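Remarks on the overall topology
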Amino acid sequence: MATATAAPAVREDGLGTLAGTGKLLRFHARRTRVYLIGWFAGMVGGTLAIAASFPELYATPDERAQFATTMDTPAMRSMTGPGEYIDAYAGSGSAMFAHQMILWSTLVVAVMYILLITRLTRADEETSRLEVIRSEPVGRRADLAAALLLACLSAVALGVLIGLSTLVMGDADVAGAMLYGLLHTAVAVAFAAITAVTAQIAGYSSTANAFAFGVLAFGVLMSMVGNAQENAALWLSPFGWAQATFVFTPEQNWVPIGVAAIVSALLIWLAFALVARRDFGQGLMAARPGPSSAGAGLRSIGSLTFRLSRGLLWAGIVTMVLLGAAYGSVVGGADDIFDTLSDTQREIFTQQGASITEGFVVTISLIDAFTATIFGLLVIGRARKEETGGRGELLAAAPIPRSGWPGSYLPMALASATVATVCGAVFLALTGAGSVGDWSFFDDMLVGGLVHLPAIWIMVALAFACFGWLPRAGWLRWLPWAYVFIAGYFGPILELPDVMVNLSPYEHVPSYPVADLDWLPLIVLTAIAAALCALGYLGVRRRNLQFA
Amino acid sequence: MTAVIRTEKLVKRFGHVTALDELDLEVVEGQTHGFLGPNGAGKSTTIRVLLGMLRADGGTARLFGADPWSEAAELHRRLAYVPGDVALWPGLTGGETIDVLGRLRGGIDKRKRDELLERFDLDPRKKGRSYSKGNRQKVALVAAFAADVDLLLLDEPTSGLDPLMAAVFNECVREVAAQGRTVLLSSHVMSEVEQLCDRVSIIRKGVIAETGTLAEMRHFTRSQVHAVLKNPVRGLGDHEGVHDLKTDGLEVRFQVDGTALDDVLAQLAVAGIASLTCEPPSLEQMFLRYYGDELAAKGVDNGGEE
């Protein structure tokens, strides 16, 4: 695709601007192989695992047909895909798989290709790595061409592998499997092309990323709106094109892939036209000058930490509001959904014989709590980045105790996770009570979400303690999270021993509203969190700071 | 005179690597102290121990008579620091960074800040990520010089500056010194150290190889002598203070130890001197001499000695 669209550029300026593309392509492939292999393994492994387990969950056409009736609401369609798939549920397990998967699976692929392109283009310009390359006999457009070529080639390979993985489902046909793979390729190339354009416009690589993620968010929104209201908004979204292939259904069609190819080609042509128009290291959009002096609010270490990590707080709020609202909108249908579940799933949802809706709320609140925890952990990760990135050196030399820097990242992390949890709980309760049609349910759902806070604080404080005592082991900040997620989410299915499951603080949170609100475990959990905070501060106070 | 910085047998290890090996360093009040040494000798490590960023594994370090580790925050009120490699927050402008650093130490003199911005020709409205290395350095320098502190710790502060800005920097250090404040200046730029510093410490492999005023250090090192004599001189080569003697008729060239200088010149005077030049060693030559064996190991000629 890239070679074909590069042609007009060649005619304009001669071959010179593309000289060295082949060599750069090999170079890029060498540098990004770990990145690519990691994403490939995740995508293909994920597809394989889900495709392999899907037929067992909904083995018979009857089960699928029953499930289809619960899916055909605007809310559920917006979270999955068009109704055409739902009509094919009974006839094909693969269609059901595609319906449930496409939006989320292509979303991950889009993220992967946005990051890949900015990494290979603007990010390299900023770190002046590309400056060395440009001083070689290499054309002005060669690095962009090589980056896009690598994106296209790897996207085709990824598509083929994903397509092949779906063949583990018995009723998947080869043509359908190839189309399922190819729609991932199409979304990948589309977002590579979009990012190639934003990389030319934006002043910095981070802004280029932000613009591309803005397009991604718009794409997701249009897909949701288009599917909920069954209108043409779907066609404004690359994810919509992928969904509109109706892969594995009788209405399967390849036209949207062609649309994606044409739009991508136009965007790539635009990127090549733009790249020659801007200066090296600069975007078309000039970097705007900022304030020449700091605002009145920026006067303490706490306010500086807030300023530096508020982006994560906003990301947490937006994610949790969306997640809360999305889950809340289906709470009302929990009873219907339950009828369609397999035995193992019923086991997850049923707790102590309470009402199904209440059990559903407990499960959703737990997922919300796991998700909100992530934003606290990310803030702790930011503290480590400030240290290794050397920016903390200026602060460590200022008259601030260690509890101020890097210590102020702990309250910031706790606050971020807490605010995210509260937002998730409020929106779950709002939309949940709305969908059930009973506002007395609002309090139950709100409290059901908030009871998880002490467990969340433990996880954040534990990450901070690891940062304080074993700063080099960044993975150690995430391992406990992965552990409690697996123990909490899959523990019942995997039949883990109680001792292992009970290590997770989330296990000791009262299952409100199914069970009564028992304060004792909450107080104990909070005390443990406080102890971990103290332990973390102690570690931060006594260790060497590690600047580059 | 009170010692602002004093370390005794200071030891710092990173795993199996001994970065500081019983380092003794003293900087007294009001002094501008040059801190020289090759890359990896332990200059930055010493400064970071003095800043309480690293904990010493042995010996003592004192800053204003207090422990830099346990009383870091209080001590930092009295000092300003410019790291060797300045990293700035990508989203904060230079002006915001200078202000926030100033406010963290309790306020910033707006007039002084603006004057320094002017002198260093720095645009405070650019974002941290768009500054070049030299400009990042300037942000840290403006923040440090604008601070009303007793001690400046400067770790290779001019490494990214152009000659014009290096001159502005020299001027600023002289002003600070004139106000009686103390400066520890780690540097590779010999001319800078020769111009600014009262005393110099040379660090090598984690120990101080030599410390003293430039005059003292010259005294202990060799001068280059070139003389045209009226009569041949005998026995010059036998003198233990004379090195690398080259005789060409009545013309002699040799190096002489600072301690043997008067003795040797007296001997020349006996023979009668037609012309004489005696060059004291430059700091650069002294520096090379102290690293003599390292350079020799790498096959570099270190000025014809030995």
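Residues numbered from 1 in each chain as written. Chains lettered and ligands numbered in written order. Predicted model: local features only at pLDDT ≥ 70, side-chain atom pairs only at ≥ 80, totals over all residues. Heavy atoms only, no water.

All right, on to the overall build of chain A then. Helices and strands together make up the secondary structure of chain A, namely 26 helices and 0 strands. Its C-alpha radius of gyration of 25 Å places chain A within 12% of the 24 Å reference for a compact globule of 548 residues. Projecting the C-alpha coordinates of chain A onto the three principal axes gives extents of approximately 75 × 70 × 40 Å. Counting only residues that meet the buried cut, chain A has 54% of its 548 residues in that class. Restricting the contact set of chain A to residue pairs at least 6 apart, pairs at least 24 apart contribute 77%. Entry remark: accessible area of chain A is about 22,500 Å², with carbon and sulfur atoms responsible for 67%. For chain A, the distance from the average site of its 31 positive side-chain charges to the average site of its 37 negative ones is 22 Å. (Helix = DSSP H or I, 4+ residues; strand = E, 2+ residues; numbered from the N terminus. Rg over C-alpha atoms; globule rule 2.2 N^0.38 Å. Buried < 20%, exposed > 50% of the residue type's maximum accessible area, 1.4 Å probe, protein only. Contact = heavy atoms within 4.5 Å. Areas by Shrake-Rupley, 256 points an atom, 1.4 Å probe, with all protein chains shown as cover. Lys, Arg positive; Asp, Glu negative; His and termini not counted. Charge placed at Lys NZ, Arg CZ, Asp CG, Glu CD.)

So, on to the sheet that holds strand β10 (residues 222-229) of chain B. Residue and element names in this part refer to chain B. As summarised here, the arrangement of the 4 strands in space is β11-β12-β10-β13, forming an open sheet in which the pairing is antiparallel. One side of each edge strand has no neighbouring strand; the edge strands of this open sheet are β11 (242-248) and β13 (273-279). Direction aside, the axes of adjacent strands within the sheet are offset by 15 degrees on average. Relative to strand β12 (residues 251-257), β10 runs antiparallel, the two sharing 7 bridges. Bridge pairing in β12 links Ala227 to Val252. Running at roughly 160 degrees to β13, helix α9 (residues 261-271) makes contact with β10, β11, β12 and β13 of the sheet. (Pairing = 2+ DSSP bridges. Axes fitted to C-alpha atoms, helices over the stretch in contact; angles between N-to-C directions.)

The subject of this paragraph is the pairing of strand β8 (residues 199-204) of chain B. Residues and elements named next belong to chain B. Extensive coverage of β8 is indicated by the burial of 5 of its 6 residues. Relative to β8, strand β3 (residues 32-36) runs parallel, the two being bridged by 4 bridges. Note that in β8 the partner of Gly34 across the bridge is Val200. Pairing geometry for β8 and strand β9 (residues 207-213), over 6 bridges, is antiparallel. Its bridge partner lying in β9, Val200 is registered against Gly212. Adjacent in sequence and paired antiparallel, β8 and β9 are bridged by 2 residues, among which Lys205 carries a positive phi angle near 50 degrees.

To continue, consider the domain arrangement of chain B. On domain assignment, one finds that chain B holds domain 1 (3-216) and domain 2 (222-280). Distance between the C-alpha centres of domain 1 of chain B and domain 2 of chain B: 42 Å. (Domains from an automatic or database assignment.)

Residues and elements named next belong to chain A. In total, this model carries 16 aromatic pairs over all chains according to the counting rule given. Aromatic pair Tyr85 and Phe246: ring centres 5.9 Å apart, planes at 70 degrees, arrangement edge-to-face. In this pair, Tyr85 sits in helix α6 (residues 83-87) while Phe246 sits in the loop between α13 (238-243) and α14 (255-275), placing the two residues 161 residues apart along the sequence. Overall, Phe246 belongs to the buried group, its relative accessible area being 12%. With a centroid separation of 5.3 Å and 10 degrees between ring planes, the pair formed by Trp481 and Phe485 is classed as stacked. Here the residue Trp481 and the residue Phe485 both occupy positions in helix α23 (residues 475-489), the gap between them amounting to 4 residues, near one helical turn. Taking the relative accessible area as the measure of exposure, Trp481 reaches 17% and is therefore buried. (Phe/Tyr/Trp six-rings, centres within 6.5 Å; stacked < 30°, edge-to-face > 60°.)

A few words now on the interface of chain A and chain B. Facing the 38 residues of chain A at the interface are 37 residues of chain B. Counting each side, the surface lost to burial between chain A and chain B is near 3,300 Å², with a carbon and sulfur contribution of 59%. Where chain A touches chain B, the interface holds 2 salt bridges. We note a salt bridge from Arg48 of chain B to Glu393 of chain A, for which the minimum N-O separation is 3.0 Å. Across the contact surface, chain A and chain B share 19 residue pairs in polar contact (both at pLDDT 80 or more). Within the side of chain A that touches chain B, the residues separate by chemical class into 20 nonpolar, 9 polar and 9 charged. (Buried area = accessible area lost by both parts, 1.4 Å probe. Salt bridge = Lys/Arg side-chain N within 4 Å of Asp/Glu carboxyl O. Polar contact = N/O pair within 3.5 Å; in protein donor to acceptor, adjacent residues only side chain to side chain. Nonpolar A, V, L, I, M, F, W, Y, C, P; charged D, E, K, R; others polar.)

Here the focus is the packing of helix α3 (residues 33-57) of chain A against helix α7 (residues 93-120) of chain A. Helices that pack against each other are described as a pair by the angle of their axes relative to one another and the distance between those axes. Residues and elements named next belong to chain A. At a minimum axis distance of 11 Å, the contact between α3 and α7 shows a crossing angle of 175 degrees. For the element pair α3 / α7, the angle class is roughly antiparallel. Considering only residue class, the contact of α3 with α7 consists of 18 nonpolar, 4 polar and 1 charged. (Parallel < 35°, antiparallel > 145°, perpendicular 65-115°, else oblique.)

The tally for this structure, following the rule as stated, stands at 5 cavities of 30 Å³ or more. Estimates place the volume of the largest cavity at around 130 Å³. Lining the largest cavity are Leu394, Ala397 and Ala398 of chain A together with Ala80, Tyr81, Leu101, Gly102, Arg105, Ala140, Ala143 and Ala144 of chain B. Sort the elements by how many residues they give to the lining of the largest cavity and helix α5 (residues 133-146) of chain B lands first, with 3 residues. Residues of the lining of the largest cavity, tallied by class, amount to 9 nonpolar, 1 polar and 1 charged. (1 Å grid on protein atoms, 1.4 Å probe; cavity = no way out; pocket = protein on both sides within 12 Å on 5 of 7 lines; lining within 4 Å. Points joined across faces, edges and corners; volume = space filled by probe spheres on them.)

Another point: the pairing of strand β6 (residues 151-155) of chain B. All names here are of chain B. Of all 5 residues in β6, 5 are buried, a share of seventy percent or more. The two faces of β6 match: Leu151, Leu153 and Asp155 on one face and Leu152 and Leu154 on the other face are all buried. For strand β5 (residues 79-82) and β6, the ladder comprises 4 bridges, and the chain directions are parallel. Across the sheet, Ala80 pairs through a bridge with Leu152, a residue of β6. Sheet topology places β6 next to strand β7 (residues 182-186); 5 bridges connect them, and they run parallel. Along β7, the bridge assignment pairs Leu154 with Leu185. Each parallel crossover has a hand, and the one from β6 via helix α6 (residues 163-178) to β7 is right-handed. (Right-handed = clockwise from strand over helix to strand, strands pointing away.)

In this structure, Ile5, Phe120, Phe145 and Phe169 of chain B are the most contacted members of the largest nonpolar core, which totals 132 residues. In terms of residue count, helix α22 (residues 453-469) of chain A provides more of this core than any other element does, 10 residues in total. The residues contacting Phe169 of chain B, other than those within four sequence positions of it, are Phe120, Leu141, Phe145, Leu154, Pro157, Thr158, Leu161, Leu185, Glu192 and Leu196 of chain B. Counting 96 residues, the second largest nonpolar core, distinct from the first, contains Val44, Phe191, Trp241 and Ala433 of chain A. (Core = buried A, V, L, I, M, F, W, Y, C linked by side-chain atoms within 4.5 Å.)

Attention now goes to a nonpolar patch on the surface. Residue and element names in this part refer to chain A. On the surface, a nonpolar cluster with roughly 720 Å² of combined accessible area is contributed by Val156, Val160, Leu161, Leu164, Leu167, Val174, Met178, Leu182 and Trp254. Sorting the residues of the nonpolar patch by element identifies α10 (142-165) and α11 (174-201) as the ones contributing at least two each. Ranked by residue count, the leading element in the nonpolar patch is α10, at 4 residues. Along the chain, Leu167 falls in the loop between α10 and α11. (Patch = residues over 30% accessible without salt bridge, like charges linked within 9 Å, V, L, I, M, F, W, Y side chains within 5 Å.)

What follows concerns the side chain of Arg181 of chain B. Residues and elements named next belong to chain B. Within the secondary structure layout, Arg181 lies in the loop between α6 and β7. The buried charged residue Arg181 lacks any salt bridge, with Asp148 as its nearest oppositely charged partner at 4.7 Å. Side-chain polar atoms of Arg181 contact the backbone oxygen of Val149, separated by 3.0 Å. When residues no more than four places from it in sequence are discounted, the contact partners of Arg181 are Gly30, Gln31, Lys112, Ala147, Asp148, Val149, Asp150 and Val176.

This part takes up the sheet that holds β5 of chain B. Residues and elements named next belong to chain B. Taken together, the 6 strands give an open sheet; going across it, the order is β5-β6-β7-β3-β8-β9, and neighbouring strands pair in mixed fashion. Each edge of the open sheet is held by one strand with a lone partner, namely β5 and β9. Here the strands of the sheet are splayed against their neighbours by 15 degrees on average, with no regard to which way each runs. Packed on one face of the sheet, α6 meets β3, β6 and β7 and runs near 155 degrees to β6.

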